[in-house]
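# Results of the structural survey
The lines below spell out each chain.
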Amino acid sequence: MSSGELMQIVLNKEELFILDVRNEDDFNDWKIEGESIEIINIPYFDLLDGVESALEKIPEDKKILVVCAKEGSSKFVAEQIVEAGRGNISYLIGGMKSWSEHLEPVKVGDLNDGGAIYQFVRIGKGCLSYMIISDGEAAIVDTARMTDVYESFADQHQVKIKHLIDTHLHADHISGGRKLAEQIGASYWLPPKDATDVTFTYNHLEAGHQITVGNTKVKIYPIYSPGHTIGSTSLIVDERYLFTGDILFVSSIGRPDLAGKAEDWVADLRNTLYNVYSSLSKELEVLPAHFGTVKELGEHGRVSARLGDLYKQNPGLNIAVEEAFRKAVTENLPPQPNAYQEIRQTNMGKLEPNEDEQREMEIGPNRCAIHDK
């Protein structure tokens, strides 16, 4: 089974039973989720002498998927289960590494003067990126490193990618924005307050500027919104869509500690959420850069919410006492993302890991929110 096929099972809320044969620590850290998915963990080394212990725990009347880190172990176990007489058994091609890298394009909506916005859901890592298309041109926001997916999508829609935009310096995944911009001769945009130590040239993503894509009436207005990082900058497109980066999510808010500046940035985060965003139209559709769990996936897998609804429902926007807010965003946080310091260094241009090293650095969930429940 490919990651794309598994994605459709998750989106369609189909029943699936998963046998994950990775070691227990890796399984507890990060696993495949879905509303109708049942999953158990039996480490591969416990199955080397036979799959009898697995047969006792997996149902005979459901579709079964065996999963491991890269593919080999799950294929071996799946073959053993088939030889034991069970049917309807698959293994995940490429394992969890493939699941981590799968991008699924989902249409967000149309633009006022033609064109559309598409969200690329990286379901295995909880990352969200976007392509804004208008009049033969495109801009990509918070690009993942699997840039061939965006190029193929742009070709299918007969548009030229003109702008690559990062809302902030990412710490959970390696940005593909600068690399793709260099390859195709496009403009790369980054907030200058997040770029004081970068080793490359870039366009300054700053409040008051506008980036035009295609039709001149389709404009991106950046607004300065620090808190997750000191440079975090949101985007308003078409007076209708609010790209919040890692500041505001559907079910949580961004954490301020990934650059080691939690105490310094708490006030910035609160001001952005409780003053800057609250002054915007409550009708704006919030498009974040991440999600915590599959529960946040809506129609067709889209992750979004009306800003006014989030002010009623999101716990992070309803902490009235400032000291309580400080504690919420600095204490009892989830573990920090895997290799986040190395990822930041890579996104600054200071490290140049090869493809295998990049994959390894990105393994695991994003963990950019103060909680992921």
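Read on for an overview of the structure. (Residues numbered from 1 in each chain as written. Predicted model: local features only at pLDDT ≥ 70, side-chain atom pairs only at ≥ 80, totals over all residues. Heavy atoms only, no water.)

## Re unusual backbone geometry
In this model, N88 sits at a positive phi of 60°, which is unusual for a non-glycine residue. With respect to the helices and strands, the residue N88 is situated in the loop between α4 (72–83) and β4 (89–91). The phi torsion at D135 lies on the positive side, around 50°, for a residue other than glycine. Following the sequence through the fold, D135 ends up in the loop between β7 (127–134) and β8 (137–141). (Helix = DSSP H or I, 4+ residues; strand = E, 2+ residues; numbered from the N terminus.)

## Section: the sheet that holds strand β14 (residues 233–237)
If you trace the six strands from one edge of the open sheet to the other, you get β12-β13-β14-β15-β16-β17, paired in mixed fashion. Single-partner strands in this sheet number two, and they are β12 (211–212) and β17 (305–306). Of the strand pairs in this sheet, strand β15 (residues 241–245) and strand β16 (residues 285–288) are connected by four bridges, and their pairing is parallel. Residue pairing for β16: G245 is matched across the bridge by P288. (Pairing = 2+ DSSP bridges.)

## Here's the deal with the sheet that holds strand β9 (residues 160–165)
Within the open sheet, the seven strands sit side by side as β5-β6-β7-β8-β9-β10-β11. Their pairing is mixed. Of all strands in the sheet, those bounded by a partner on one side alone are β5 (104–110) and β11 (203–204). Alignment of strand β10 (residues 187–190) against β11, held across two bridges, turns out to be parallel. Paired with W189 across the two strands is N203, which belongs to β11. Contacts between helix α6 (residues 147–156) and the sheet are confined to β5, β6 (116–122), β7, β8 and β9, with β7 contributing the most and set at about 25° to the helix. (Contact = heavy atoms within 4.5 Å. Axes fitted to C-alpha atoms, helices over the stretch in contact; angles between N-to-C directions.)

## Focus on the pattern of salt bridges
A side chain of one charge can pair with a side chain of the opposite charge when the charged atoms of the two come close. Taken as a whole and judged by the stated rule, the model has 17 salt bridges. Among the salt bridges present, the one from R306 reaches E283, with a minimum N-O distance of 2.9 Å. Within this pair, whereas R306 is found in strand β17, its partner E283 is found in the loop between α8 (262–276) and β16, the two being separated by 23 residues in sequence. In this structure E283 comes out as exposed when scored by relative accessible area, which is 55%. The salt bridge partner of R302 is E299, with a shortest N-O separation of 3.9 Å. Among the residues examined, E299 registers a relative accessible area of 52% and is labelled exposed. Linked through salt bridges whose partners overlap, the residues forming this network are E101, R122, R145, E355, D356, R359 and E362. (Salt bridge = Lys/Arg side-chain N within 4 Å of Asp/Glu carboxyl O. Buried < 20%, exposed > 50% of the residue type's maximum accessible area, 1.4 Å probe, protein only.)

## Brief notes about the nonpolar core
One finds I117, F243, L248 and L273 to be the most contacted residues of the largest nonpolar core, which totals 66 residues. Other than its neighbours up to four places away in sequence, L273 contacts I247, L248, I253, S278, Y311, L317 and F325. Judged by nonpolar contacts, the second largest core, of 27 residues, contains L180, A181, A195 and Y202. (Core = buried A, V, L, I, M, F, W, Y, C linked by side-chain atoms within 4.5 Å.)

## A few points about the packing of α8 against helix α10 (residues 322–330)
Remark: α8 packs on α10, axes separated minimally by 10 Å, with the N-to-C direction vectors making an angle of 115°. Crossing of α8 against α10: the hand is right-handed. Where α8 approaches α10, its residues A262, E263, V266, L269, R270, L273 and Y274 are matched on the opposing element by E322, F325, R326, V329 and T330. Of the residues assigned to the contact of α8 with α10, the class counts are seven nonpolar, one polar and four charged. (Left-handed = near helix turned anticlockwise from the far one by under 90°. Nonpolar A, V, L, I, M, F, W, Y, C, P; charged D, E, K, R; others polar.)

## Observations regarding the packing of aromatic side chains
Across all of its chains, the model carries eight aromatic pairs by this definition. Linked through ring pairs, Y118, F120, Y150 and F153 together constitute an aromatic cluster. Sitting above the plane of the F27 ring, K31 keeps its charged end 4.8 Å from the centroid. A cation over a ring is seen here: R270 above Y274, with NZ or CZ 4.3 Å from the ring centre. (Phe/Tyr/Trp six-rings, centres within 6.5 Å; stacked < 30°, edge-to-face > 60°. Lys NZ or Arg CZ within 6 Å of the ring centre and 35° of its normal.)

## Remarks on the environment of T143
You can see T143 is positioned in the loop between β8 and α6. Here T143 falls in the buried class, since its relative accessible area comes to 0%. As for T143 and D238, which are separated by 95 residues in sequence, their C-alpha atoms are 20 Å apart. The contact partners of T143, leaving out residues within four places of it in the chain, are S129, Y150, L164, I165, D166, H173, I174, S175, G176 and G177.

## Observations regarding the pairing of β15
Looking down a regular strand, the side chains alternate between one sheet face and the other. For β15, a buried count of five out of five residues is recorded, marking the element as mostly surrounded by other parts of the structure. Of the two faces of β15, the one holding Y241, F243 and G245 and the one holding L242 and T244 are both buried throughout. In this structure, β14 lies alongside β15, joined through three bridges in antiparallel fashion. Looking across to β15, one finds that I236 is bridged to L242. Linking two consecutive strands that pair antiparallel, namely β14 and β15, is a turn of three residues; a positive phi of about 65° is found at D238 within it.

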